[in-house]
Amino acid sequence: MKKKTSSGFSRRKFIATASAAIALPLILPGYATGFTRRPRPSNRINLGVIGWGLQGPPNTKSFLALNDCQVVAACDLDKNYLQDAVDTINDYYQNTDCKAYHDYRELLASDEIDAVMIAVPDHWHELVATEAARQNKDIYGEKPLAQTITEQQAIVRAVQQNKIIWQTGSWQRSQAIFRKAAEIVRNGLIGEVLRVEVGLPAGHNDLTQTAPELLRRLAPLGIDDLAAVRPGTPAWNIAVTKPPAELDYETWIGPSKMEPYISQRIHRNWRWNYNTGGGQLMDWVGHHADIAHWGLGFDNSGPSEIEGHGDFPAADALWNTCTKYRIELKYPQNITMTIAGGYDDINLGVKWIGTDGWVWVNRGGFDASNPAWKIGKSLPEELRKVKLYESANHQRNFLDCVKSRQPTITPVETAHHSTIPGHLGLISMLTGRKINWDAASEKIIGNPEAIRLLTRAYRAPWQMS
Ligand SMILES: NC(=O)c1ccc[n+]([C@@H]2O[C@H](COP(=O)([O-])OP(=O)(O)OC[C@H]3O[C@@H](n4cnc5c(N)ncnc54)[C@H](O)[C@@H]3O)[C@@H](O)[C@H]2O)c1
């Protein structure tokens, strides 16, 4: 639908132009087309989904509910997950049309597909997203944008060069409560902002509930803590197993360092291993630091000084991501920010503190120094001199923007800047030094050891763009 024609127009643009010329709405109502669930094929956005783990299904189900899009293909490296994806999609449409792919590059090469939803682990984001952009697919991609800042820059470049519409899975921006909090700050109601507190979860969260099973196998060794599972120990030898037949583990590890298969490090729990994820900090920074930046108007800027301290398990532990962390950031506008996990003085969510008051927001929580701000989902109109981008449904907003070619509520540049504080905080913690960051040129000043951590080596044959 979106492939370039010889005249340089995309097919999608041609349809929009043709519809406009005869003054018809681009999407005809169901009663006019004779379809109740699906619009006419020429007006549908054909979507492929890549990654069917924790987040792939809810994202996809939201797209299934939107009748100007058709989910036509699914891809996963785990045969069981792939089958579940195909079954879910076919059950919804009551047909057998959904195509199944093992290799995301084959799905992306399909001319039938206009857009993709990508929900693969963080260590795969750069390769899948840049290939999708090269193949001219619009992208609904997950946070954090990528595992390192250099990979994020590659995605931003590919999206910009190919004029791709990008939506990040930072869906909090499509919730009225977060917009209200950000608008309170942007409208100066708390006065001049002095400080922002961003509270994120700490520790490790066994998202597959499989740690007890491993601990049962380790019990004969007298081990009751996964921290004892380290290479070279008997516990490690018990934890390592053959990958299950349904999973293509070699490809799943992809560009990351090859490691023996341990099921507690794979689906969902890859987050707790720096080889594939970034721990709680990087899992959440794309949600709450994203909202913090929204309130500050910093979607295209960033901090200048970053200093972090954290508690880390051994680098070779089964789950090695930091369990408690505190990052202090200075922004050039004389604003300080603390991003912390596991500290009682920093509540989960985002709190902006200004000269005249404060406001705090979290999923399901809102509080403010002025009780009047707590009333209603939105600020009263007279206070909304600055109105932030409004979206009531994150997937709806993506499809609307695919059609209008206007930016989504969380474009790729926003995703990039929202996660930079987390990446730099982690680098500061790992190097034990304060980072001086030039946000305009996106460079660490001095500190070669920290500069090296802006990127990572890819395992052959994978190559970063
Ligand atoms: N926006 C949110 O609220 C939210 C919530 C959870 C996760 N996420 C993000 O979604 C992404 C996926 O996380 P998850 O928790 O669903 O992980 P997951 O491990 O549960 O699922 C990932 C799936 O991708 C598959 N996969 C891995 N590499 C692949 C490849 N190269 N090609 C095709 N399939 C591949 C895996 O087999 C697995 O089924 C992450 O970036 C995560 O940060 C976002």
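Residues numbered from 1 in each chain as written. Predicted model: local features only at pLDDT ≥ 70, side-chain atom pairs only at ≥ 80, totals over all residues.

> Explain the environment of D76 to me, and be specific about the residues and the numbers.
With respect to the helices and strands, the residue D76 is situated in the loop between β2 (69-75) and α4 (79-93). Using a count of 28 C-beta atoms within 10 Å as the deciding quantity, one classes D76 as buried. For the pair formed by D76 and K99, sequence separation is 23 residues and the distance between their alpha carbons is 12 Å. (Helix = DSSP H or I, 4+ residues; strand = E, 2+ residues; numbered from the N terminus. Buried ≥ 20, exposed ≤ 12 C-beta atoms within 10 Å, placed from the backbone.)

> Help me get a handle on the packing of helix α12 (residues 279-296) against helix α14 (residues 412-431), residues and values and all.
Running from N to C, α12 and α14 cross one another at 125 degrees; their axes reach a closest spacing of 8 Å. The pairing of α12 with α14 is recorded here as oblique in orientation. Of the two possible hands of crossing, α12 and α14 adopt the one that is right-handed. Of the residues in α14, those in contact with L281, M282, V285, G286, A289, D290 and H293 of α12 are A415, H417, S418, T419, P421, G422, G425 and L426. (Axes fitted to C-alpha atoms, helices over the stretch in contact; angles between N-to-C directions. Parallel < 35°, antiparallel > 145°, perpendicular 65-115°, else oblique. Left-handed = near helix turned anticlockwise from the far one by under 90°. Contact = placed C-beta atoms within 7 Å.)

> Outline the sheet that holds strand β4 (residues 115-118), listing residues and values.
The parallel open sheet is built from six strands, whose spatial order is β3-β2-β1-β4-β5-β6. Single-partner strands in this sheet number two, and they are β3 (99-101) and β6 (166-168). When strand polarity is set aside, the average angle formed by the axes of neighbouring strands in this sheet is 20 degrees. In the sheet, strand β1 (residues 45-50) pairs with β2 via six bridges, with the strands oriented parallel. Residue pairing in the sheet places L47 in a bridge with V71 of β2. (Pairing = 2+ DSSP bridges.)

> Break down the site of the ligand for me, citing the residues and quoting the values.
Taken together, the neighbourhood of the ligand is formed by 28 residues, with G51, G53, L54, E142 and G169 sitting nearest. Residue composition of the shell around the ligand, by class: 14 nonpolar, seven polar and seven charged. Residues lining the shell around the ligand come from more than one domain, with at least three contributed by each of domain 1 (11-172) and domain 2 (175-389 + 413-465). (Near = placed C-beta within 6 Å. Nonpolar A, V, L, I, M, F, W, Y, C, P; charged D, E, K, R; others polar. Domains from an automatic or database assignment.)

> I'd like a rundown of the pairing of strand β12 (residues 358-362), residues and numbers included.
Burial analysis of β12 places four of its five residues in the buried class, the great majority of the element. One ladder, built from four bridges, connects strand β11 (residues 349-354) with β12; its direction is antiparallel. Looking at β12, one finds that V350 is bridged to V361. Once β11 ends, the chain turns through three residues before running back antiparallel as β12, passing G357 with a positive phi of about 160 degrees. Here β12 folds back onto strand β13 (residues 365-368), and the loop between the two strands holds two residues, one of which, G364, carries a positive phi near 75 degrees.

> Can you lay out the packing of helix α7 (residues 149-161) against α14 for me, pointing to particular residues and giving the numbers?
Relative orientation of the contacting elements α7 and α14 amounts to 175 degrees, with a least axis distance of 10 Å. Compared by their axis directions, α7 and α14 come out roughly antiparallel. Counting all contacts with α7, which are made through I149, Q152, I155, V156 and V159, the residues of α14 involved are V412, E413, H416, T419, I420 and H423. For the contact of α7 with α14, the residue count by class is six nonpolar, four polar and one charged.

> Tell me about the confidence of the model for the protein chain, residues and numbers included.
With 91% of its residues at a pLDDT of at least 70, the protein chain reaches an overall mean of 92. Segment residues 1-40: pLDDT under 50, and 43 contacts once partners within four positions in sequence are set aside and those in other chains are kept. (pLDDT = per-residue confidence, 0-100.)

> Describe the environment of R384, naming the residues involved and giving the relevant values.
Looking at the secondary structure, you find R384 in the loop between β13 and α13 (394-404). For R384, a count of 15 C-beta atoms within 10 Å puts it in the partly exposed group. Once the C-alpha coordinates of R384 and P243 are considered, the two residues, 141 residues apart in sequence, prove to be 55 Å apart. Excluding anything up to four places from it in sequence, R384 contacts E183, N187 and L379.

> Which residues make up the domain arrangement of the protein chain, and what values go with them?
What the domain assignment lists for the protein chain is domain 1 (11-172) and domain 2 (175-389 + 413-465). The centre of domain 1, based on its C-alpha atoms, is set 26 Å off from the matching centre of domain 2. The partner domain 2 presents 39 residues to the 30 residues of domain 1 that form the contact. Those elements that place two or more of their residues in the side of domain 1 that touches domain 2 are α4, α6 (125-134) and α7.

> Can you lay out α12 for me, pointing to particular residues and giving the numbers?
With 18 residues, α12 extends 25 Å from end C-alpha to end C-alpha; this agrees with the ideal 26 Å at 1.5 Å per step. Remark: the principal bend of α12, roughly 55 degrees, maps to V285. Of the residues one or two after α12, G297 is the one with positive phi, at around 75 degrees. (Expected span 1.5 Å × (residues − 1). Bend = angle between axes of the 7 residues up to and from the residue.)

> Account for the sheet that holds strand β14 (residues 435-438), with residues named and values stated.
In spatial order, the strands read β13-β12-β11-β7-β10-β9-β8-β14-β15; together these nine strands make up an open sheet with mixed pairing. Both outer strands of the open sheet, β13 and β15 (443-444), are each paired with one neighbouring strand and no more. Sheet analysis places strand β8 (residues 305-311) next to strand β9 (residues 324-331), joined by seven bridges and oriented antiparallel. Considered in β9, the bridge of I306 is made with L329. Along the sheet, helix α8 (residues 176-186) makes contact with β7 (193-200), β11, β12 and β13, crossing β12 at roughly 160 degrees. Against the sheet, α14 makes contact with β8, β9, β10 (335-341) and β14, and its axis sits at roughly 60 degrees relative to β8, the strand it touches most.

> Please give an account of unusual backbone geometry that cites residues and values.
Here the bond from K143 into P144 is cis, since omega is -15 degrees, no more than 30 degrees from zero. Mapped onto the elements of the fold, P144 is located in the loop between β5 (138-141) and α7. Omega for the bond connecting A460 with P461 falls within 30 degrees of zero, at 5 degrees, which places this linkage in the cis form. The phi dihedral of R268 falls on the positive side, at around 65 degrees, and the residue is not glycine. C-beta crowding within 10 Å serves as the criterion here: with 18 such atoms nearby, R268 is assigned to the partly exposed category. Of note in this structure, N334 is not a glycine but carries a positive phi near 70 degrees. Along the polypeptide, N334 turns up in the loop between β9 and β10. N334 sits in the exposed class, given 9 other C-beta atoms within 10 Å.

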